[in-house]
Amino acid sequence: MFFVDVLETRSLGNRSYLAGGPHTAVVVDPPRDIDRVIAAAARRGVRITAVAETHVHNDYVTGGLELARLTGARYLVPAGAEVAYARVAVADGDVEPVDAGLELRAVATPGHTPHHTSYVLQEAGRAVAAFTGGSLLIGTVGRPDLVEPRLTEELARAQHASAHRLADQLEDGVSLLPTHGFGSFCSATSSGGEQSTVGAERAANPALVQDVETFVRELLSALDDAPAYYAHMAPVNSEGPAPLDLTEPRRADADEISRRLAAGEWVVDLRSRVAFAAGHVAGSVNFEVDGQLATYLAWLIPWGRPVTLLAHSSDDLARAQRELARVGIDRPAAAAVGSPADWVAQGERPASLRRATFAELATARRDDADVVVVDVRRDAERAQGWVGGSVHLPVHEIHRRLDEVPPGTVWVHCAGGMRAAVAASVLDAAGREVVAVDDGFAAAAAAGLPVVTSPDAGAA
């Protein structure tokens, strides 16, 4: 009997897989923090004999090279991928033994990248699961625009062909096990669920129910912004990532925190947005450790800029360090644990900012002409409806577009509160009077705010 264990990295919207039999196993698309993989193998009592990459990843730093080195496993990487390290170059149709009666068959599935390869797990010669990486996902496909803009349409067409190739080769009951699609920005559109089969995708996935022209047109029109740090991931993965170092960063006192802020470095407060609003070091920015820390901090911060982390506890600091290492922010310049009272320089007081609801925004708009509403959601979200008269500055752009925020008290909102808190902290650090709307967007209309969907009905 075979097994497949899912290793989920929810903060990045990705999954890795440990699959095998009674004695040995393969790992597909391992995360950077491979201690999780090694622990999973130990729980199963299996030896890892192969590590397989579906593609050179654009959204996270792989742990595959280091995992193969530590375990002595064969490192399977698509032959078409240009990498600077020794590996087993995998071509279409190649078969890798996994355990007795269990093998992995490579299937070329270009589209997400030109060299993308899926892997079919076969038991006694029959396909039982397909590891599809960034090819056929649950209800969608991997986005085709992360490699080179001039290749986007060509890769979109390749995605359609690859999806059909998988569907033509596999029976309905084969489990579909993609790497992306659980909140990952590598998905072309929103994912359709937590689990699926080839048969379920055959019935509903646009790549399998639409003709190629319709599919390509709709796919390309739906693509949203990709995180800026993606530009750095493929080069790191192609060169060969360094081993992960999760040793505790050097601790900073209040004077050092002040000096780093004065030098233009980023000081990141990892506490909840409620705690940050109540009191924080002036000039620091708020990225909650329980939010999508790695995605949004790596998206906003100028690449390579030193970062100092402020955390409520050592556990939160360690969690943040692990999250950031997954996207190539390897070593914080410094860190501190405690509260704002420990972090502000002598003679200074913590800063604070207001939090509010959409109902309070509606009242403020009626009573105060000085109110500026800034919507920090992405384009696709805003297209579904926005507060009339609001200014649109996606959260990942706001630090570069501060001069576009009109004068007045800035009320910042997103879809639920987390990104509004990030943006509010950036505006607060820039010296603006800001209010973070910590509320679900559905409450905007209920509060009496004008929610419009046509550019003719309100500011777009």
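How each quantity is defined
Residues numbered from 1 in each chain as written. Predicted model: local features only at pLDDT ≥ 70, side-chain atom pairs only at ≥ 80, totals over all residues. Heavy atoms only, no water. Phe/Tyr/Trp six-rings, centres within 6.5 Å; stacked < 30°, edge-to-face > 60°. Helix = DSSP H or I, 4+ residues; strand = E, 2+ residues; numbered from the N terminus. Buried < 20%, exposed > 50% of the residue type's maximum accessible area, 1.4 Å probe, protein only. Pairing = 2+ DSSP bridges. Arc of directions from axis to C-beta. Contact = heavy atoms within 4.5 Å. Polar contact = N/O pair within 3.5 Å; in protein donor to acceptor, adjacent residues only side chain to side chain. Salt bridge = Lys/Arg side-chain N within 4 Å of Asp/Glu carboxyl O. Axes fitted to C-alpha atoms, helices over the stretch in contact; angles between N-to-C directions.

1. What about the packing of aromatic side chains?
Line of reasoning, step 1. Within this structure, the stated rule accounts for 7 aromatic pairs.
Line of reasoning, step 2. With 5.7 Å between their ring centres and 15 degrees between their planes, Tyr296 and Trp299 make a pair best called stacked. With Tyr296 and Trp299 both in helix H10 (residues 293-300) and 3 residues apart, this pair spans about one turn of that helix. Trp299 shares its class with Tyr296; the two are buried.

2. So, the pairing of strand S1 (residues 3-9)
Line of reasoning, step 1. Only one face of S1 is buried, namely the one carrying Phe3, Asp5, Leu7 and Thr9, since none of Val4, Val6 and Glu8 on the opposite face is buried.
Line of reasoning, step 2. Note: S1 against strand S2 (residues 14-20), 7 bridges, orientation antiparallel. Considered in S2, the bridge of Val6 is made with Tyr17.
Line of reasoning, step 3. The loop that links S1 with its antiparallel partner S2 comprises 4 residues; one of these, Gly13, has a positive phi angle of about 75 degrees.

3. Some thoughts on helix H1 (residues 35-44)
Line of reasoning, step 1. Listed as buried for H1 are Val37, Ala40 and Ala41. Down the axis of H1, the buried side of the element spans an arc of 100 degrees, and every buried residue falls inside it. For H1, the exposed residues lying more than 90 degrees away from the buried face are Ala42 and Arg43.
Line of reasoning, step 2. Among the structural elements, S1, S2, strand S3 (24-28), strand S4 (47-52) and helix H2 (64-71) are those in contact with the buried residues of H1.
Line of reasoning, step 3. Of the residues flanking the end of H1, it is Gly45, one or two places downstream, whose phi is positive at about 70 degrees.

4. A look at helix H6 (residues 212-222)
Line of reasoning, step 1. Among the residues making up H6, those that are buried are Thr214, Phe215, Val216 and Leu219.
Line of reasoning, step 2. As for H6, its buried residues are in contact with helix H3 (152-169) and helix H5 (206-209).
Line of reasoning, step 3. With a side-chain oxygen positioned 3.0 Å from the backbone nitrogen of Glu213, the residue opening H6 is Asp211.

5. Describing the pattern of salt bridges
Line of reasoning, step 1. For the coordinates displayed, the defined rule picks out 37 salt bridges.
Line of reasoning, step 2. A salt bridge links Asp290 to Arg319, with the shortest nitrogen-to-oxygen separation between them at 2.4 Å. Within this pair, whereas Asp290 is found in the loop between strand S14 (285-286) and H10, its partner Arg319 is found in helix H11 (residues 314-325), the two being separated by 29 residues in sequence.
Line of reasoning, step 3. What makes Arg319 partly exposed here is its relative accessible area of 38%.
Line of reasoning, step 4. Linking Arg382 and Asp375 is a salt bridge whose minimum nitrogen-to-oxygen distance equals 2.9 Å.
Line of reasoning, step 5. Classification of Arg382 as buried rests on a relative accessible area of 3%.
Line of reasoning, step 6. One salt-bridge network, in which partners are shared between bridges, spans Asp33, Asp35, Arg36, Arg322, Glu323 and Arg326.

6. Describing unusual backbone geometry
Line of reasoning, step 1. Despite not being glycine, Asp29 has its phi angle at roughly 50 degrees, a positive value.
Line of reasoning, step 2. Secondary-structure assignment places Asp29 in the loop between S3 and H1.
Line of reasoning, step 3. Notably, Ala124 is not glycine yet its phi reads approximately 55 degrees, a positive angle.
Line of reasoning, step 4. Structurally, Ala124 can be placed in the loop between strand S9 (117-123) and strand S10 (126-133).
Line of reasoning, step 5. For Ala124, a relative accessible area of 73% puts it in the exposed group.

7. Some words on the sheet that holds strand S8 (residues 102-108)
Line of reasoning, step 1. Spatial ordering of the open sheet is given by S7-S8-S9-S10-S11-S12, a layout of 6 strands whose pairing is mixed. Two strands close off the open sheet at either side, each with one partner strand: strand S7 (95-99) and strand S12 (196-197).
Line of reasoning, step 2. Here strand S11 (residues 175-178) runs beside S12; their pairing, made up of 2 bridges, is antiparallel. Bridge pairing in S12 places Leu176 opposite Ser196.
Line of reasoning, step 3. Packed on one face of the sheet, H3 meets S8, S9 and S10 and runs near 145 degrees to S8.

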